[in-house]
Protein chains: 2
Amino acid sequence: MTTTQLAAVPGARMEAEMHQQPEVLAALVDRWPALTAQVAALTEGAPPLGVAFLARGSSDHAALLGRYAVELQTGLPTCLVAPSVATAYGRVPEGFRGWLLVALSQSGRTPEIVDLARRYAAAGARVIAVTNDGGSALAGAAHLSVPLEAGPEVAVPATKTVTGQLLALLAVAGGLGPAGSGGLTQAQAASLPDAVARVLGDGESAERAAGLLAGHDRMAVVGRGACYPAALESALKLQETTGLMAHGFSTADFRHGPIAVCGPDAPALLLAGSGPADADTLDLRAALAARRAPVLLAGTAPEAGLSWPALGHLGECLTATVRGQQLALATARRLGIDPDRPTGLNKITMTS
Amino acid sequence: MTTTQLAAVPGARMEAEMHQQPEVLAALVDRWPALTAQVAALTEGAPPLGVAFLARGSSDHAALLGRYAVELQTGLPTCLVAPSVATAYGRVPEGFRGWLLVALSQSGRTPEIVDLARRYAAAGARVIAVTNDGGSALAGAAHLSVPLEAGPEVAVPATKTVTGQLLALLAVAGGLGPAGSGGLTQAQAASLPDAVARVLGDGESAERAAGLLAGHDRMAVVGRGACYPAALESALKLQETTGLMAHGFSTADFRHGPIAVCGPDAPALLLAGSGPADADTLDLRAALAARRAPVLLAGTAPEAGLSWPALGHLGECLTATVRGQQLALATARRLGIDPDRPTGLNKITMTS
């Protein structure tokens, strides 16, 4: 299609960028040895005291997976930076001397992230920038730039840069230490492009699922472990593209309170793959049935309406995330919304 | 009222426990010198490398304020523990040797929290237990027990134990280092019982605000800095007690995507006090007006429909939290729900 034709189909750009994901991921898998070697070289001789992630929005969800991967791979303490401590309250992050800071921004131009990365570097942290623009201000502020090389992303809802970030962070974790109980190997990472392609090849399931959602104005998206970041990201994608009040929850939190929001008019999307945290999510079905809440199941169970291949590792966060993208796209189209340009949103986050 | 009479009025227990908050907080202020001295003694000679918080649900929101307070007071790295890394994936938290772990559970009996506190202690972390039961398993697993002494909490929605946790964590932060740019002094803490009493003395504002909410099934609750934990907690309290799909957001995240969920049918509750992060939240009003979303403003601005006294410190998290409690109680009553016993919820979180 030409650019003009693309613009005429609601969500055509988002869809095209979603379908570039297997290629973007395959290129990252090819770069896996180089990426892990660069991270290893950055920390050689002085292992970090901990790893902090700095991000907002979708990037924050990628950071959450990065955090799991680093802790599983290395046992190091990790945290997601609370930006307001420095930007609103003016605290110098001097306690992060000797830490590794992984700063994420798809554009590499989010002013708050660039500013904070500089403050952490000045305080003695080594900084890795994960961005889609290796020439961006964020990349320039870092000791090591990990460009996603995903190509331009034009649609407002970030898709290929998000799964790119997820895989790049798994590579960063891989460079930080010996294989642990849950970090990914290159061989495991190599299974992801095909797994994501298989999910993308099945758009019909997402269209059927969107039919269930389209009559509702609120829903829960629930997952644990590798599926927890995907639940938060899928909820955000649904919010941005459809205006649905989708709320992401950790399975453990959801069961003990927020489940009260689900009922006949408020469905739940459960994300549950083949990891050790997923049985807990499948167990929610009985409680949701008792509340007569419609349930959409995504994952590796035979009865999942939105399926993905069982991988048995953290990479299922990516397949789950792509299922959420498809659902957001299909639901927006049903509602007559163009997800390429949702009202009132901009591509670059200008928080300061 | 007798116990029988209390049981006959929907939310009577929750309301009674809410009104005990000034007394509970005043007792904690009296204990401030002892609490900070105990924390200082625990860390004397071996300052922690960082401070991790372990919690679920409402306690997790208290932990978020604790995190801000510790970073502002000490500059130390802080994190909220991701429980699944250990409980689902089986990773030993050996990287937390030399850290301080602050474990929170209102009952002190949440099995996942007790188990994890023991694992962190075994890995070489010093553990502080913040709980309402100094004889609980969690208190027994800790090197230092900080009992809230809030008295029995019977209503399912936690209220006085949450504000008790918030103040206890401000005291823990106070014991960890010299006064920084934002941690609380005892004198500042001493302003809180009266500020909370003033909020509780004005239930009418909350009843008027509940009138605005009662026709809606979804809403956003937004805040930044000290008001961010209060936004998450208020959203949870509304979810639990009313079934409303209330979603808490950080102001910075909300503006750049999730604001798409607000409109004529989906109001926003803005929490904005007198701290340095709050102007950003007030600024959202223009964008929400452009979306024709009803706005409830809570805070210290003269036009706030739900007001609290300007304190100029992190303690405004407590006044904001109490406004959220009032709104949840009043909205539940309007909807004919008994918030003392919302359907399907239990008092002790049994996540394992």
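Residues numbered from 1 in each chain as written. Chains lettered and ligands numbered in written order. Predicted model: local features only at pLDDT ≥ 70, side-chain atom pairs only at ≥ 80, totals over all residues. Heavy atoms only, no water.

## Regarding the overall build of chain A
Inference 1: When helices and strands are counted, chain A shows 16 helices and ten strands.
Inference 2: Its C-alpha atoms put chain A at 55 × 45 × 45 Å along the principal axes.
Inference 3: When the 352 residues of chain A are sorted by exposure, 65% land in the buried category.
Inference 4: By sequence separation, contacts in chain A at least 24 residues apart represent 78% of the contacts at least 6 residues apart. (Helix = DSSP H or I, 4+ residues; strand = E, 2+ residues; numbered from the N terminus. Buried < 20%, exposed > 50% of the residue type's maximum accessible area, 1.4 Å probe, protein only. Contact = heavy atoms within 4.5 Å.)

## Section: the pairing of strand S7 (residues 245-250) of chain B
All names here are of chain B.
Inference 1: Across the six residues of S7, six count as buried, placing the element largely inside the fold.
Inference 2: Judged by which residues are buried, S7 turns out to be covered on both faces: Met245, His247 and Phe249 on one side and Ala246, Gly248 and Ser250 on the other are all buried.
Inference 3: With six bridges connecting them, strand S6 (residues 218-223) and S7 associate as parallel partners. Looking at the pairing, Met219 lines up with Ala246 of S7.
Inference 4: As a crossover connection, the stretch from S6 through helix H12 (residues 227-242) into S7 is right-handed. (Pairing = 2+ DSSP bridges. Right-handed = clockwise from strand over helix to strand, strands pointing away.)

## Overview of the environment of Thr185 of chain A
Inference 1: With respect to the helices and strands, Thr185 of chain A occurs in the loop between helix H8 (160-175) and helix H9 (186-189).
Inference 2: C-alpha of Thr185 of chain A to C-alpha of His313 of chain A: the two residues are 128 residues apart in sequence and 9.8 Å apart in space.

## Observations regarding the packing of aromatic side chains
Inference 1: Evaluation of the coordinates by the stated rule reveals seven aromatic pairs over all chains.
Inference 2: Following the ring pairs from residue to residue traces out a cluster consisting of Phe96, Trp99 and Tyr120 of chain A together with Phe96, Trp99 and Tyr120 of chain B. (Phe/Tyr/Trp six-rings, centres within 6.5 Å; stacked < 30°, edge-to-face > 60°.)

## Brief notes about the sheet that holds strand S10 (residues 306-307) of chain B
All names here are of chain B.
Inference 1: If you trace the five strands from one edge of the open sheet to the other, you get S7-S6-S8-S9-S10, paired in parallel fashion. Looking at the sheet topology across the chains shown, the edges are occupied by S7 and S10.
Inference 2: By the bridge criterion, two bridges tie strand S9 (residues 295-299) to S10 in an arrangement that is parallel. When the bridges of S10 are listed, Ala298 appears paired with Leu306.
Inference 3: Contacts between H12 and the sheet are confined to S6, S7 and strand S8 (268-272), with S7 contributing the most and set at about 170° to the helix. (Axes fitted to C-alpha atoms, helices over the stretch in contact; angles between N-to-C directions.)

## Description of the side chain of Thr74 of chain A
Residue and element names in this part refer to chain A.
Inference 1: Checked against the element boundaries, Thr74 lands in helix H4 (residues 58-74).
Inference 2: Residue classification places Thr74 among the buried positions, given a relative accessible area of 17%.
Inference 3: For Thr74, the side chain forms a polar contact with the main-chain oxygen of Val70, separated by 2.6 Å.
Inference 4: A polar side-chain atom of Thr74 sits 3.0 Å from the main-chain amide nitrogen of Leu76. (Polar contact = N/O pair within 3.5 Å; in protein donor to acceptor, adjacent residues only side chain to side chain.)

## What to know about the relation of the copies chain B and chain A
Inference 1: For the pair chain B and chain A, the superposition axis carries a translation of 0.0 Å, the fit reaches an RMSD of 0.0 Å, and the rotation angle comes to 180°. Put plainly, the chains are arranged around a two-fold axis. Among all residues of chain B, the minimum C-alpha distance to the rotation axis is found for Cys79 of chain B, at 2.5 Å.
Inference 2: Both copies share a contact surface, since 100% of the interface residues of chain B are interface residues in chain A too. (Least-squares fit on C-alpha atoms with pLDDT ≥ 70 in both.)

## Quick word on the side chain of Thr78 of chain A
Inference 1: Structurally, Thr78 of chain A can be placed in strand S2 (residues 78-80).
Inference 2: Thr78 of chain A gets classed as buried once you look at its relative accessible area, which sits at 0%.
Inference 3: Among the polar contacts listed, one links the side chain of Thr78 of chain A to the side chain of Glu71 of chain A, at a separation of 2.7 Å.
Inference 4: Apart from residues no more than four positions distant in its own chain, Thr78 of chain A is found in contact with Val51, Phe53, Arg67, Val70 and Glu71 of chain A together with Cys79 of chain B.

## Quick word on the state of the cysteines
Inference 1: All chains considered together, the criterion is met by zero disulfides over all chains.
Inference 2: With no disulfide of its own, Cys262 of chain A has Cys227 of chain A as its nearest cysteine by sulfur position, at a separation of 17 Å.
Inference 3: Looking at Cys227 of chain B, it has no disulfide partner, and the nearest cysteine sulfur is the one in Cys317 of chain B, 7.1 Å off.
Inference 4: With relative accessibility at 1%, the residue Cys227 of chain B sits in the buried group. (Disulfide = S-S within 2.5 Å.)

By themselves, these observations are geometric and do not establish any function.
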